[in-house]
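Below, each chain spelled out in residue letters.
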Amino acid sequence: MHKLSDFNIENKNLTIRVDMNVPIKDGMVVDQTRINACIPTIELALKKNANILLVSHLGRPEEGKHDSSLSLIPVAKCISEIFQVPVDVINSLDDISIFNGSSSIQILENIRFFDGEMGNKDSLGKSLANIGDIYVFDAFGTSHREQASTHSAIINSKASCAGLLLEKEISALTKALKNAESPFVAVIGGAKVSTKLELIKNINLKADSIIVGGGIANTFIRASGYEIGKSLYEESMLDIASEILEGNKIMLPEKVITSSTFEGENIQEKMLSDICEDEMILDQSLTAAMKETLINSKTILWNGPLGVFENESFSKGTKDLSKTIAGCDSFSLAGGGETLTAINNFINKDDVSYCSTGGGAFLEFMEGKELPSIAALKAKN
Ligand code: AMP
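## Focus on the nonpolar core
Here is step 1 of the chain: Among the nonpolar cores identified, the biggest contains 97 residues, and Leu54, Ile79, Phe220 and Leu333 are the most heavily contacted of them.
Here is step 2 of the chain: The element contributing the most residues to this core is helix H6 (residues 164-177), with seven residues.
Here is step 3 of the chain: Taken domain by domain, the makeup of this core includes at least three residues from each of domain 1 (4-162) and domain 2 (170-366).
Here is step 4 of the chain: Each residue touching phenylalanine 220, except ones within four places of it in the same chain, is listed here: Val193, Ile200, Val212, Ala241, Ile244, Leu245, Ile250 and Leu252.
Here is step 5 of the chain: Among the nonpolar cores identified, the runner-up in size contains 22 residues, and Val187, Leu294, Ile343 and Phe346 belong to it.

## Details of the site of the ligand
Here is step 1 of the chain: Residues in contact with the ligand amount to 15 residues; listed here are only the nearest, Ala191, Lys196, Gly214, Ile281 and Glu310.
Here is step 2 of the chain: A distance of 3.1 Å separates an oxygen atom of the ligand from a polar backbone atom of alanine 191.
Here is step 3 of the chain: One of the backbone N or O atoms of isoleucine 281 is found 3.0 Å from a nitrogen atom in the ligand.
Here is step 4 of the chain: When the free accessible area of the ligand is taken as 500 Å², the share hidden by the protein chains comes to 81%.

## Overview of the side chain of asparagine 13
Here is step 1 of the chain: Its location among the elements puts asparagine 13 in strand E1 (residues 13-17).
Here is step 2 of the chain: One polar contact links asparagine 13 to asparagine 51, side chain to side chain, over a distance of 2.9 Å.
Here is step 3 of the chain: In contact with asparagine 13, not counting residues within four places along its chain, are Asn51, Phe99, Gly132, Asp133 and Ile134.

## As for helix H11 (residues 316-326)
Here is step 1 of the chain: For H11, the set of buried residues is Gly317, Thr318, Leu321, Ser322, Thr324 and Ile325. Looking down the long axis of H11, one finds its buried residues gathered within 165° of arc, a one-sided arrangement.

## Thoughts on the packing of aromatic side chains
Here is step 1 of the chain: Applying the stated criterion across every chain yields a total of two aromatic pairs.
Here is step 2 of the chain: Ring plane angle 65° and centroid distance 6.4 Å describe the contact between phenylalanine 140 and phenylalanine 365, whose orientation is recorded as edge-to-face. You can see phenylalanine 140 sitting in the loop between strand E7 (134-137) and helix H5 (148-156) and its partner phenylalanine 365 sitting in helix H13 (residues 360-366), a full 225 residues away along the chain. With respect to burial, phenylalanine 140 and phenylalanine 365 carry one shared label: buried.
Here is step 3 of the chain: Directly above the aromatic system of phenylalanine 331 lies the positively charged group of lysine 175, at a separation of 4.4 Å from the ring centroid.

## Let's talk about the domain arrangement of the protein chain
Here is step 1 of the chain: We note that the domain assignment places domain 1 (4-162) and domain 2 (170-366) within the protein chain.
Here is step 2 of the chain: A separation of 35 Å is found between the C-alpha centroids of domain 1 and domain 2.
Here is step 3 of the chain: Counting from both sides, the interface comprises seven residues of domain 1 and, opposite them, 10 residues of domain 2.
Here is step 4 of the chain: Around 660 Å² of area is buried between domain 1 and domain 2 when both sides are counted, 68% of it from carbon and sulfur atoms.
Here is step 5 of the chain: The interface formed by domain 1 and domain 2 contains zero salt bridges.
Here is step 6 of the chain: Scanning the region where domain 1 abuts domain 2 turns up zero residue pairs in polar contact (both at pLDDT 80 or more).

## Points about the side chain of glutamate 117
Here is step 1 of the chain: With respect to the secondary-structure elements, glutamate 117 resides in the loop between strand E6 (105-108) and helix H4 (122-130).
Here is step 2 of the chain: Leaving out residues up to four positions away in the same chain, glutamate 117 has contacts with Arg17, Glu63, Ile111, Arg112, Leu124, Gln147, Ala148 and Ser149.

## Describing the sheet that holds E7
Here is step 1 of the chain: The strand order across the open sheet formed by six strands is E5-E6-E4-E1-E7-E8, and the pairing between neighbours is parallel. One side of each edge strand has no neighbouring strand; the edge strands of this open sheet are strand E5 (87-90) and strand E8 (160-162). Between one strand axis and the next, the sheet turns by 25° as a mean value, whatever way the strands run.
Here is step 2 of the chain: The pairing of E7 with E8 spans three bridges and is classified as parallel.

## Some remarks on the environment of asparagine 348
Here is step 1 of the chain: Looking at the element boundaries, asparagine 348 is found in the loop between helix H12 (337-346) and strand E17 (354-355).
Here is step 2 of the chain: Each C-alpha atom, one on asparagine 348 and one on asparagine 248, is 33 Å from the other, the two residues being 100 residues apart in sequence.

## A closer look at the packing of helix H7 (residues 193-206) against helix H8 (residues 214-223)
Here is step 1 of the chain: The N-to-C vectors of H7 and H8 enclose an angle of 85°; their axes lie 10 Å apart at closest approach. Between H7 and H8, the crossing angle belongs to the class labelled roughly perpendicular. Residues Val193, Lys196 and Ile200 of H7 pack against Ile216, Thr219 and Phe220 of H8.
Here is step 2 of the chain: For the contact of H7 with H8, the class distribution of residues is four nonpolar, one polar and one charged.

Definitions and limits used
Residues numbered from 1 in each chain as written. Predicted model: local features only at pLDDT ≥ 70, side-chain atom pairs only at ≥ 80, totals over all residues. Heavy atoms only, no water. Core = buried A, V, L, I, M, F, W, Y, C linked by side-chain atoms within 4.5 Å. Buried < 20%, exposed > 50% of the residue type's maximum accessible area, 1.4 Å probe, protein only. Helix = DSSP H or I, 4+ residues; strand = E, 2+ residues; numbered from the N terminus. Domains from an automatic or database assignment. Contact = heavy atoms within 4.5 Å. Near = heavy atom within 4 Å. Polar contact = N/O pair within 3.5 Å; in protein donor to acceptor, adjacent residues only side chain to side chain. Areas by Shrake-Rupley, 256 points an atom, 1.4 Å probe, with all protein chains shown as cover. Arc of directions from axis to C-beta. Phe/Tyr/Trp six-rings, centres within 6.5 Å; stacked < 30°, edge-to-face > 60°. Lys NZ or Arg CZ within 6 Å of the ring centre and 35° of its normal. Buried area = accessible area lost by both parts, 1.4 Å probe. Salt bridge = Lys/Arg side-chain N within 4 Å of Asp/Glu carboxyl O. Pairing = 2+ DSSP bridges. Axes fitted to C-alpha atoms, helices over the stretch in contact; angles between N-to-C directions. Parallel < 35°, antiparallel > 145°, perpendicular 65-115°, else oblique. Nonpolar A, V, L, I, M, F, W, Y, C, P; charged D, E, K, R; others polar.

Okay, here's the thing in structure tokens:
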């Protein structure tokens, strides 16, 4: 795959596909983490006097229709503040001021307002591909989607390469997936086994131990024969969970936090064998063996909370996990929206070796799938 460093980008026109799908409230960006992640590539391009046209989606507008509530104008303002330069918003790919305006940074309006984006239409892909000299793909968070700006534009470009963020993501994720130093422990939490089954199966082939949490742990706990009352679990996943348990890599909790309601009535810490039929497991305590495994590991992969951490009463397990990982010397990799929220709530992002910007893309990469944008970049020569 070509990298940005393979090209002389001095004074060139760069079309850069970024993932600036950020939360916006009252016309303001409320969390600019994803924008910050794009800074290195933009900074490098500015240093080389390149002209920049950023391309991103925002939310899920009806394809081909302008929706002012999902305009990238607030994002343009945010970028303008970061780089202290004006940032023009471009509404049409036929606009003659593209790469020819007063600002060195321009941003195309929400690419999902353009007909053909979601359907990966060649006509839109070709327009995006040919507008500049190089099509730089830096949107790891959307690299699992085969759309005009994430696939067709790469295929149809005269020159295309990975941006600095994409390079960093691939390097960190590959380190955990393909070159993990042993002992390798994975923590897989969250709500449902079914949404993470492919991840669990793939990681089960690679990790030495898997700590399970949340509703995912509940399904494994049930498959081990315990009664789990009203807890969230998936009946249809019990057989596969039993099969995975036979590999002896799954680490189950011993003590869990139960309550009779989601709001937190009658909260108790209980052994797995003591759960009543009107109770549900909403959090868990890290066992001594889990802590020891994490501390002695060389590689940690973390996706998904250990409990309903949004409610403080059920956040202890996820908080304790965050702090334990922060104190480990191992290479730690975290990914997924809820996981990053937990990290931001309980520790410092820098306490984890690498936090991926991808949600779905992170999961699919870790499932061992070839992501369409990455495959398209690799196919270019
Ligand atoms: P996921 O998107 O699969 O990583 O799931 C994250 C969600 O799982 C969070 O919003 C948690 O509130 C929820 N969750 C975690 N543990 C439990 C549990 N024991 N019961 C129900 N929901 C849970």
